[in-house]
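What follows is the residue order along each chain.
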2 protein chains.
Amino acid sequence: MRILGIDPGLRVTGFGLIEREGNALRYIASGCIRTDQAATLPQRLGTIFDGIAELLAQYAPEQAAVEQVFVNVNPQSTLLLGQARGAAIAALVAGKVEVLEYTALQVKQAVVGNGHAGKEQVQHMVRRLLSLPGAPGADAADALACAIAHAHGGQGLGKLPTAGYRMRRGRLLAVR
Amino acid sequence: MRILGIDPGLRVTGFGLIEREGNALRYIASGCIRTDQAATLPQRLGTIFDGIAELLAQYAPEQAAVEQVFVNVNPQSTLLLGQARGAAIAALVAGKVEVLEYTALQVKQAVVGNGHAGKEQVQHMVRRLLSLPGAPGADAADALACAIAHAHGGQGLGKLPTAGYRMRRGRLLAVR
């Protein structure tokens, strides 16, 4: 089972690919898709879409785990972030990849065992769980962590996210 | 020149197709793409993406005009709306259609001559300008109005929208 983790953003979209064989996890690739800040919004969304389409063509993951994004204090930033996330998910759905969503809380709980762990702790555990020789970049680490959370039997948010969200400490959580 | 106007939304995405021949505008089609509220967010974004891809296949527009969306008071709604808009724009860019963005102010200015005109006035002028036998639905009318604004020589927001927005009366406007 090959899993693509995605941490969407308009400027930088992190990605991480892992493979699960039984209980073992194997690292395949990670990195990020960067958009040109001088380009128009449609061009930037196109870069994200094309970048993910290329990943699907190259690595053929069966499932994708997408991290819930921050709801920024600034509504304009929230809208831009939403658009980046929409383009990323559209690319996955268009590529016939099953998409599951995870909150940052779920990801940290699965990777570190503590939903409120810091970024460095997540990076450390991602490196350990995948036996990486060095720490991946922050965006790639978040994407890999999301893929790991899914590989560890996560079920995603299911149908909840469309019904509504609630906010907690500036993060989006699914309504229970 | 065939122009596709889009008024994006997670629940309902309005669309309107018109053709410009010299100074004359001709109505081709309009309607809306509705998503299943019981489906997951990725499924709903997929519906929007596929719906627009079908429109491109059927009508082959050369350019698309997309209306700027409201920034809702509720950050969760803003994020959902952003994702719908991102999926819609990704479908257009993936279909090699040139995408231009218009604020509601620009659209109303172009169609009614008053940036603060009411919805009914916009619907009335859309019907008149396209010689329609009846008023189109609200979502379709907004999408047609956006296409008309572009057909009337609009240049869109250009590269501004990625640099930042400003808010006015709950609407997003490009920073000048």
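Residues numbered from 1 in each chain as written. Chains lettered and ligands numbered in written order. Predicted model: local features only at pLDDT ≥ 70, side-chain atom pairs only at ≥ 80, totals over all residues. Heavy atoms only, no water.

J.: I'd like a description of unusual backbone geometry, backed by residues and values.
T.: In this model, Lys96 of chain A sits at a positive phi of 65°, which is unusual for a non-glycine residue. Position of Lys96 of chain A relative to the elements: it lies in the loop between helix 2 (75–94) and strand 5 (98–102). Even without a glycine there, the phi angle at Ala60 of chain B is positive, about 45°. Structurally, Ala60 of chain B is set in the loop between helix 1 (41–59) and strand 4 (63–67). (Helix = DSSP H or I, 4+ residues; strand = E, 2+ residues; numbered from the N terminus.)

J.: Describe the packing of helix 1 (residues 41–59) of chain A against helix 2 of chain A, and please don't skip the residues or the numbers.
T.: For any two helices packed against each other, one specifies the inter-axial angle together with the distance between the axes. All names here are of chain A. Packing of helix 1 against helix 2 leaves a shortest axis separation of 9 Å and a crossing angle of 35°. Judged by the twist between their axes, the crossing of helix 1 over helix 2 is right-handed. Contacts between helix 1 and helix 2 involve Leu41, Leu45, Ile48, Phe49, Ile52 and Leu56 on the former and, on the latter, Leu80, Gln83, Ala84, Ala87, Ala88, Ala90, Ala91, Leu92 and Ala94. (Axes fitted to C-alpha atoms, helices over the stretch in contact; angles between N-to-C directions. Left-handed = near helix turned anticlockwise from the far one by under 90°. Contact = heavy atoms within 4.5 Å.)

J.: A description of helix 1 of chain A should follow, citing residues and the corresponding values.
T.: Residue and element names in this part refer to chain A. With 19 residues, helix 1 extends 27 Å between its outermost C-alpha atoms, agreeing within 8% with the 27 Å of an ideal straight helix rising 1.5 Å per residue. Turning to helix 1, its buried residues are Leu41, Pro42, Arg44, Leu45, Gly46, Ile48, Phe49, Gly51, Ile52, Leu55, Leu56 and Tyr59. Just past helix 1, the residue Ala60 takes up positive phi, approximately 45°. (Expected span 1.5 Å × (residues − 1). Buried < 20%, exposed > 50% of the residue type's maximum accessible area, 1.4 Å probe, protein only.)

J.: Report on the nonpolar core, specifying residues and quantitative values.
T.: Core analysis: the biggest nonpolar cluster contains 54 residues, and Leu4, Ile52 and Leu92 of chain A together with Leu4, Ile52 and Leu92 of chain B have the highest contact counts within it. Residues contacting Ile52 of chain A, with those up to four places away along its chain left out, are Ile6, Ile33, Ala88, Ala91 and Leu92 of chain A. (Core = buried A, V, L, I, M, F, W, Y, C linked by side-chain atoms within 4.5 Å.)

J.: Run through the pairing of strand 4 of chain B, naming residues and quoting values.
T.: Residue and element names in this part refer to chain B. Burial runs high along strand 4: five of the five residues are buried. Here strand 4 shows two buried faces, one formed by Gln63, Ala65 and Glu67 and the other by Ala64 and Val66. Bridge analysis of strand 4 against strand 5 (residues 98–102) gives five bridges, and the strand direction is parallel. Counterpart to Val66 in the pairing with strand 5 is Glu101. (Pairing = 2+ DSSP bridges.)

J.: So what's going on with the environment of Gly16 of chain A? Which residues, and what values?
T.: Residues and elements named next belong to chain A. Considering the arrangement of structural elements, one finds Gly16 in strand 2 (residues 12–21). For the pair Gly16 and Ala53, spaced 37 residues apart in the sequence, the C-alpha separation amounts to 14 Å. Apart from the residues lying within four places of it in its own chain, the contact partners of Gly16 are Ile3, Leu4, Gly5, Ala29, Ser30, Ala143, Leu144 and Ala147.

J.: Now, about the packing of aromatic side chains: what can you tell me, with residues and values included?
T.: For the structure on display, the rule yields one aromatic pair over all chains. Between Phe49 of chain A and Phe49 of chain B, the ring centres sit 5.3 Å apart and the planes meet at 15°, which makes this aromatic pair stacked. Residue Phe49 of chain A is found in helix 1, and its partner Phe49 of chain B is found in helix 1; the two belong to separate chains. Of the residues examined, Phe49 of chain A reaches a relative accessible area of 9% and is grouped as buried. (Phe/Tyr/Trp six-rings, centres within 6.5 Å; stacked < 30°, edge-to-face > 60°.)

J.: Give a detailed account of the pattern of salt bridges, specifying residues and quantitative values.
T.: Applying the stated criterion across every chain yields a total of eight salt bridges over all chains. Close ionic contact of Glu19 of chain B with Arg2 of chain B constitutes a salt bridge, the shortest N to O distance being 2.9 Å. With Glu19 of chain B in strand 2 (residues 12–21) and Arg2 of chain B in strand 1 (residues 2–7), this pair connects stretches of sequence that are 17 residues apart. For Glu19 of chain B, a relative accessible area of 14% corresponds to the buried category. Overlapping salt bridges, with partners in common, bring together Arg2, Glu19 and Arg26 of chain A in one network. (Salt bridge = Lys/Arg side-chain N within 4 Å of Asp/Glu carboxyl O.)

J.: Outline the sheet that holds strand 4 (residues 63–67) of chain A, listing residues and values.
T.: All names here are of chain A. A sheet is described by the order of its strands in space; here five strands give the open sequence 3-2-1-4-5, paired in mixed fashion. Of all strands in the sheet, those bounded by a partner on one side alone are strand 3 (24–34) and strand 5. Each strand axis lies, on average, 20° off the axis of its neighbour in the sheet, ignoring direction. By the bridge criterion, six bridges tie strand 1 (residues 2–7) to strand 2 in an arrangement that is antiparallel. The residue bridging Ile3 from the neighbouring strand is Ile18, located in strand 2. Here helix 1 sits on the sheet and contacts strand 1, strand 2 and strand 3; the angle it forms with strand 3, its principal contact strand, is near 150°.

J.: Residues and numbers for the sheet that holds strand 4 of chain B, please.
T.: Residue and element names in this part refer to chain B. Read from one edge of the open sheet, five strands run 3-2-1-4-5, paired in mixed fashion. Two strands close off the open sheet at either side, each with one partner strand: strand 3 (24–34) and strand 5. Taking each pair of neighbouring strands and ignoring which way they run, the sheet shows an average axis angle of 20°. Its contacts with the sheet put helix 2 (residues 75–94) on strand 1, strand 4 and strand 5, and the angle it makes with strand 4 is roughly 170°. This element, helix 5 (residues 138–151), spans strand 1, strand 2, strand 3, strand 4 and strand 5 of the sheet and lies at about 35° to strand 2.

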